[in-house]
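An overview of the molecular structure
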Amino acid sequence: MRKTIHLLLLSSLLLCGACSPAAPGDSVTAAAPLRVEFTAWWGDYTLLVADELNLFEKYGVAVDLVYYERFNESLPALAAGQVDASLLAVEDVLMVNKYTPLRIVCIYDNGGIDTIVASPTVQNIGGLKGKKIGIPYGSIYELMLNEMLKLAGLSTEDVVIVNVPPEEIPESIANGSISAGYVYEPYTSQAIAEGSASIYSNVDGNNLTFPDVIAFREEVIATRPED
């Protein structure tokens, strides 16, 4: 754990045992700023808090926070080296790692509450039979969809899965292009505000959680372990 980064001060657990931080008041390193991706996911806001409190400067590491409105766009950016690190789910690390070696340095939240929201015309899970459901193709969230459908005696063969990212679910339900979709905050609240209803979440019996982690490109870990 000593080969970690001072971003780990976002996690009080790891602050108790890992790095050897620079002394408070040390000047920011002259190295190029670490480019760290974040999105509208609430867990990522810890980066903004750290920046507002000048914690990166305090511990001698320069950081550029790079915002992506659509999370899926950040994955090829990480693979291509356009960012040095990302705050992302475990399964996304596995996908990107196929193209560039990554190293997880911290688990920073448990993934929170994932939700399936649906149009007001869908009264229950069984009402999704034959309907279009938006969810990112190939994501671990398909497992959550499977578990939900089982409750109504359905399978993925009984619905039409459409490749729609969480950011687009509220609008896609509102315009009728899909009947339901997978979301997390703040898109859960947005969908509900626009008339959708939550019909299932990962705390409804199965307790499926998908931890979020801070992952760096391995070459950054190798060349800048102190940062």
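A brief structural summary. (Residues numbered from 1 in each chain as written. Predicted model: local features only at pLDDT ≥ 70, side-chain atom pairs only at ≥ 80, totals over all residues. Heavy atoms only, no water.)

1. Concerning unusual backbone geometry
In terms of backbone geometry, most residues other than glycine have negative phi values and most peptide bonds are trans. For the peptide bond that leads from Glu-185 to Pro-186, omega is 10°, which places it in the cis range. With respect to the element layout, Pro-186 can be found in the loop between β8 (180-183) and α8 (187-193). For Asn-54, which is not a glycine, the phi torsion comes out positive at approximately 60°. Counting through the fold element by element, Asn-54 comes out in the loop between α2 (45-52) and α3 (55-58). The class for Asn-54 is partly exposed, based on a relative accessible area of 46%. (Helix = DSSP H or I, 4+ residues; strand = E, 2+ residues; numbered from the N terminus. Buried < 20%, exposed > 50% of the residue type's maximum accessible area, 1.4 Å probe, protein only.)

2. Remarks on the packing of aromatic side chains
Across all of its chains, the model carries six aromatic pairs by this definition. Taking 5.2 Å as the distance between ring centres and 55° as the angle between the ring planes, the aromatic pair formed by Phe-38 and Tyr-67 counts as tilted. Highlighted residues: Phe-38 in strand β1 (residues 34-38) and Tyr-67 in strand β2 (residues 63-67), separated in sequence by 29 residues. For Phe-38, a relative accessible area of 9% corresponds to the buried category. Residue Tyr-67 is classed as partly exposed on the basis of its relative accessible area of 44%. Residues Tyr-182 and Tyr-184 carry aromatic rings whose centres are separated by 6.1 Å and whose planes lie at 70° to one another, so their mutual orientation is edge-to-face. (Phe/Tyr/Trp six-rings, centres within 6.5 Å; stacked < 30°, edge-to-face > 60°.)

3. Notes on helix α6 (residues 141-150)
Regarding α6, the residues found buried are Tyr-141, Met-144, Leu-145, Met-148 and Leu-149. Considered in projection along α6, the buried side chains sweep an arc of 135° and stay on one side of the axis. (Arc of directions from axis to C-beta.)

4. Overview of the sheet that holds strand β10 (residues 212-217)
Spatially, β2-β1-β3-β10-β4 is the arrangement adopted by the five strands of the open sheet, whose pairing is mixed. At either end of the open sheet lies a strand with only one pairing partner, and these are β2 and β4 (102-109). Here the average twist between neighbouring strands, direction ignored, is 30°. (Pairing = 2+ DSSP bridges. Axes fitted to C-alpha atoms, helices over the stretch in contact; angles between N-to-C directions.)

5. Observations concerning the pattern of salt bridges
The full count for this structure, using the stated rule, is six salt bridges. Residue Asp-84 pairs with Arg-35 through a salt bridge whose shortest N-O separation is 3.0 Å. Note that Asp-84 is positioned in the loop between α4 (74-79) and β3 (85-89) and Arg-35 in strand β1, a separation of 49 residues in sequence. On the basis of relative accessible area, Asp-84 is assigned to the buried category, the value being 8%. Among the salt bridges present, the one from Lys-150 reaches Glu-147, with a minimum N-O distance of 3.3 Å. Of this pair, Lys-150 and Glu-147 both sit in helix α6, three residues apart, roughly one helical turn. Residue Lys-150 is classed as exposed on the basis of its relative accessible area of 55%. (Salt bridge = Lys/Arg side-chain N within 4 Å of Asp/Glu carboxyl O.)

6. Focus: the side chain of Thr-100
Along the chain, Thr-100 falls in the loop between α5 (90-96) and β4. If sequence neighbours within four positions are ignored, Thr-100 has contacts with Leu-78, Ala-79 and Arg-217. (Contact = heavy atoms within 4.5 Å.)

7. Thoughts on the nonpolar core
In terms of nonpolar packing, the biggest core is built from 61 residues, with Leu-88, Ile-116, Leu-128, Met-148 and Phe-216 touching the most fellow members. If you tally residues by element for this core, the top one is α6, at five residues. Every residue in contact with Ile-116, bar those within four places of it in the chain, is listed here: Met-144, Met-148, Ala-180, Gly-181, Tyr-182, Ala-197, Ser-198, Ile-199 and Tyr-200. (Core = buried A, V, L, I, M, F, W, Y, C linked by side-chain atoms within 4.5 Å.)

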